[in-house]
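# Fold and contact review
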Amino acid sequence: MTRDDRFGPRRDDRGHPENTAPEAPRKPRVPLPRARRVRLGVARAVKLDGNVKQALETGRNRVLFTAAFFALAFIALSIKLIAVGVLHEGGEPRVARGAPPPQLVLDRADITDRNGVLLASNLITASLYADPKLVLDPVEAAVKLRTVLPHLNQTDLIAQLSGDRRFVWIQRGLKPEQQYEINALGIPGLYFQREQRRIYPQGRLTSHVIGFTNIDNTGRGGLEQGLDRTLRERAETGRGPLVTSLDIRVQQVLRDVLRDAMQEFQTIGATGIVMDAHNGEILAMVSLPDFDPNAPVNPEDPAMFNRATLGVYEMGSIFKAFTAAEALDAGVVKIDGGFDATDPIKIGRFTIRDSHPQRRWLSVPEIMLYSSNIGAAKMALAVGATRQQDYMRRFGFLTPARIELPEVGLPQAPHPWREVNVMTIGFGHGAAVSPLQAVGGMAALMNGGYKVPATLIKHQPGERVVREQIINEQVTALVRKMMVGVVQEGTARKAQVPGYLVGGKTGTAEKAGAGGYRRKALLTSFLGGFPMQDPRYVVLVTLDEPKPTPKTYGYATSGWNAAPTAGELIRRIAPILGVRPMSIDGSPNPMPVLPQDRKDDLRYALVGDEDEASVAADLPQSDTEVTNAAY
C-alpha cells in the first residue's frame, strides 16, 4: 500500500491535488565505508575539542596569575599598614637620610696662630673651561661670556673657543654668582670644574709671613712656600692645622704702630719683630709696605719684598751692644775701663767722628750711653779682626738666618777683613745683616748668652730645643744693665714705658749709594727688650728713610723716631703678653701669676750636651684648664 492509498493524493498549499505524474528514476547512492566516516567525524571532534581546551587553559592561567599578583600586593600592603599602624613607634615623620656626601680631600692644611686664630684655609670654588669642538658659535659665546666676565679679552676668547684643542681654561676661581650667571647663559661646550682656592682671613696683616699660593694651589712665598710639602702632608694624613708662633694680637699692634710711624715720618718702609728670647719663637713680624695675599700683585712690586728676612742692612749703632759684649767677654777691657774719645780717628781717607762728642775719656757704659763711634771703634780694635770674626760668626751674622721662610737674605761682610773694617763694624757700618739676624743676636744677650734658633712654628710641650752658649752669662748681665741706662739716660730715652723696665740701643745708619753713603738717607732702628729685670721679649723697630718733622725739631735720627715707636709698641703689647707692670719702688705689682710668667715646658740642651732637664715642674698639667691665657 502506498502513501496515496492511505492518505489520498498529495495536495499543494491551496489544497489542489498535485501532479501525480510518475517520477524520473534516481541514481542509486554508493554508501561510503563505515570505518572512514567514523574516522573523519572523530578527527573533526578532536580538533574542535583541542582548540577550545587550549583557549580555556590559557584564560584560566591568566586569571590565576592576575589573582595571585593582586593577592600578594594586598598581603604586602596589609603587612606594611600593620607595621606602620601597630608595630612602629609614634612620633613626627623624620627627614629622609640620603647617602653621605663624599669627603673632600684638602690640598693643604690650615694655618693658625698660636691661639688658634685662622690665618690660611681652603675654599671650594668652580673654574670654567671649554671644549672648543662642542662650541657651536665661538663669536656669540664670547660675547655672552663677556657680559659676566667683562675683563676677558674678546679677541683672545674667540681664538680660545675656536681652537682645535678639547680643553681650554676660560676663568679659574669663579665667584658663586658668576658661576650661576654663566650657567644661565646656556652656552654649549662650557663646563665647570670643582677646585680649591687658598684664602687668608687676616689679609695684609700676615702677608709676608704666611705668603700665598698660585692658581694651582702651590706655595709662592712665606710659609706657604717654605713649608709647602709639610702643609700637603698634614692635609693628607689629617694631622690638623699648622700652628705658628705668631700671636695675631701682637701682630696687629706691631703693624698699626709701624703704619702710624710711616705716616708720621714719611718713610718708604718699616720693619718690626717681636721674639721670645727664651725659645726663639717669633710672636710678630711685619714688613711694610705689604700686600693682600688674596690678590697678590706682581712679584716685582716692592710691596712683595720682605724687609725683615730678605733685606740686609748696615744697622748702625745697635751693633755697639755686640761690640761691648765681645770686648768684655774677650777680657780686653773691664766694665770700669774705657777708651779715649777726645779726637776723631783718621784712617786713610776716612774720618770717624761722634754725633754727640764728649771730647774726653769714656768708660764702656758711657760709650754705650753717648753712642760714641770713636769709643766703639777703639774697643773693636782691642778685640781684633780674628776674634771679631769669631764673635760675628757666633752671633749668626756671617751666615744666612735659619727660618722657615724662603725669603732669606745673604749677609755681607768685608773681604779681606782689614783694620778699617774692624773699626767700622764696631759701630755698625761695613757689614750688613737682616733685621731677623740682629734680633737673634740680641736674644742671646737677653737670655744669658744662649744662641737659640729663630722659628715661626710654635714649640710643642716637651719639645727639645738645642741652644748654644756663645757668650758668658755675667757679660750679658752687664750689657743689659748698660742698655737699661741707654733707655733711661741716653739716646733711647723716648723708648721708656711707665711701669715697665725697658733696655735697648738705638742705631742710625747712612744708607750706601752710588759713590758712597747718602747722608740724608737714613735707616733708624731700636733694638732691645723687656722686662729687663727678667728679660723675656726682644723688640726691633726699623724705619727706612724717615723725614724730620717739627715735632722732632728737624732731627731724623733714631732717638726721635724709632725709639718712641718702640716705646709705643711695648706699652701696648706688654699687657697682652701678660707682663706685669712694676710698682713705684721698682718691684713687680702683686698680681696673680699668669701663664706668661711661667717657664715654658721645653727641654733645653746645649750643643753636644746630652744632659737635658725639663723646667716645667711648676707648670699646670696638660689636663688642667687655664682660662684667659694669652700665651
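Sequence order sets the numbering: in each chain, residues are counted from 1 along the sequence as written. A pLDDT threshold of at least 70 governs which residues receive local features in this predicted model, and a stricter bar of 80 or more applies before side-chain atom pairs are shown or counted, although totals over entire chains, interfaces and linings include all residues. Water and hydrogen atoms play no part in the side-chain values, which are based on all heavy atoms of the structure.

## Quick word on empty space enclosed by the protein
- In this analysis a 1.4 Å probe is tested at points of a 1 Å grid over the protein atoms alone, and where it fits but cannot get out there is a cavity; an open set with protein on both sides within 12 Å along at least five of seven lines is a pocket; lining residues have an atom within 4 Å of a point. Grid points are joined across faces, edges and corners, and a volume is the space filled by probe spheres set on the points. Tallying each qualifying case throughout the model produces two cavities of 30 Å³ or more.
- As for the largest cavity, its lining consists of R204, L205, T206, S207, H208, V209, Q251, R255, M285, V286, S287 and D290.
- Elements are defined by DSSP. Helices are runs of H or I of four residues or more, strands are runs of E of two residues or more, and each kind is numbered from the N terminus. Only helix 6 (207–210), helix 9 (248–265) and strand 7 (282–288) provide two or more residues apiece to the lining of the largest cavity.
- Think of it as three bins: nonpolar holds Ala, Val, Leu, Ile, Met, Phe, Trp, Tyr, Cys and Pro, charged holds Asp, Glu, Lys and Arg, and polar takes everything else, Gly as well. Looking at side-chain class alone, the lining of the largest cavity contains four nonpolar, five polar and three charged residues.
- Counting contributing residues per domain, the lining of the largest cavity is built from domain 1 (111–150 + 158–185 + 192–244) and domain 2 (256–577), each supplying no fewer than three.
- A volume near 30 Å³ is recorded for the second largest cavity.
- Around the second largest cavity, the lining residues are A270, T271, R307, Y313, L523, T542 and D544.
- If you list the elements that add at least two residues to the lining of the second largest cavity, you get strand 6 (269–276) and strand 16 (537–544).
- Its residues assigned to classes, the lining of the second largest cavity comprises three nonpolar, two polar and two charged. By convention here, the domain bounds are inherited from an automatic or database domain assignment.

## Structural notes on the environment of A556
- Mapped onto the elements, A556 comes out in the loop between strand 16 and helix 17 (562–576).
- Each residue is placed in one exposure class: buried if its accessible area under a 1.4 Å probe, protein chains only, is under 20% of its type's maximum, exposed if it is over 50%, and partly exposed if it falls in between. Residue class for A556 comes out buried when judged on its relative accessible area of 13%.
- Here a residue-residue contact requires only that any non-hydrogen atoms of the pair lie within 4.5 Å. If sequence neighbours within four positions are ignored, A556 has contacts with L522, T524, P546, K547, P548 and N561.

## Re the pairing of strand 16
- Of all eight residues that make up strand 16, eight are buried, and the element is covered over most of its length.
- Along strand 16, one buried face is formed by Y537, V539, V541 and L543 and the opposite face, lined by V538, L540, T542 and D544, is buried too.
- When DSSP locates at least two bridges between a pair of strands, those strands are taken to pair. Relative to strand 16, strand 15 (residues 516–530) runs antiparallel, the two being bridged by eight bridges. Each bridged residue has a counterpart across the sheet, and for F526 the counterpart in strand 16 is V541.
- Between strand 15 and strand 16, which follow one another and run antiparallel, lie six residues.

## Describing the packing of aromatic side chains
- Centres within 6.5 Å are what make two rings of Phe, Tyr or Trp a pair, Trp counting through its six-membered ring; a difference in plane orientation under 30 degrees is then read as stacked, over 60 as edge-to-face, and the rest as tilted. Taken as a whole and assessed by the stated rule, the structure comprises 14 aromatic pairs.
- Ring centres of Y129 and W169 lie 6.1 Å apart, and the angle between their planes is 80°; on these two criteria the pair is classed as edge-to-face. Of the two residues, Y129 is situated in strand 2 (residues 118–130) and W169 in strand 3 (residues 168–174); the sequence distance between them amounts to 40 residues.
- For the pair F530 and Y537, a centre-to-centre distance of 5.6 Å together with 35° between the ring planes defines the contact as tilted.
- Overall, the relative accessible area of 0% leaves F530 in the buried class.
- Looking at Y537, the relative accessible area reads 2%, which means it is buried.
- Either the NZ atom of lysine or the CZ atom of arginine qualifies as a charge over a ring when it sits within 6 Å of the ring centre and within 35 degrees of the ring normal. Across from the ring centre of W169, 4.1 Å away, lies the NZ or CZ of R172, which sits over that ring.
- Between R467 and the ring centre of Y450, over which it is positioned, the NZ or CZ distance is 4.1 Å.

## A few points about the confidence of the model for the chain
- Overall, the predicted model of the chain reaches an average pLDDT of 84, with 81% of residues at or above 70.
- Think of pLDDT as the predictor's per-residue confidence, scored from 0 to 100. Long-range and interchain partners of residues 90–103, a stretch whose pLDDT sits below 50, account for one contact in this model, where long-range means more than four residues apart.
- A low-confidence stretch, residues 609–631 stays under pLDDT 50, and its non-local contacts, those more than four residues away or across chains, total 40 contacts.

## Regarding the layout of surface pockets
- Within this model, the largest pocket holds a volume of roughly 1,800 Å³.
- In terms of lining residues, the largest pocket is bounded by 45 residues, among which S355, N373, H429, T508 and E510 are the most central.
- Mapped by element, the contributors of at least two residues to the lining of the largest pocket are strand 10 (350–352), helix 14 (419–426), strand 14 (503–513) and strand 15.
- In terms of residue count, strand 15 provides more of the lining of the largest pocket than any other element does, five residues in total.

## Notes on the pattern of salt bridges
- Basic side-chain nitrogens of Lys or Arg form a salt bridge, by our definition, when they fall within 4 Å of a carboxyl oxygen of Asp or Glu. Evaluated as defined, the whole model comprises 24 salt bridges.
- Notably, a salt bridge pairs R172 with E195, separated by 3.0 Å at the nearest N-O pair. In this pair, R172 is assigned in strand 3 and E195 in strand 4 (residues 190–199), connecting sequence segments 23 residues apart. For the residue pair R172 and E195, the accessibility class agrees, reading buried in each case.
- Salt-bridge contacts for D276 lead to R536; the nearest nitrogen and oxygen are separated by 3.0 Å. A residue pair is termed long-range when its members are at least 10 positions apart, and D276 in strand 6 and R536 in the loop between strand 15 and strand 16 qualify at 260 residues.
- On the basis of relative accessible area, R536 is assigned to the buried category, the value being 8%.
- Shared partners join several salt bridges into a network, and the residues in it are R108, R198, E224, D228 and R232.

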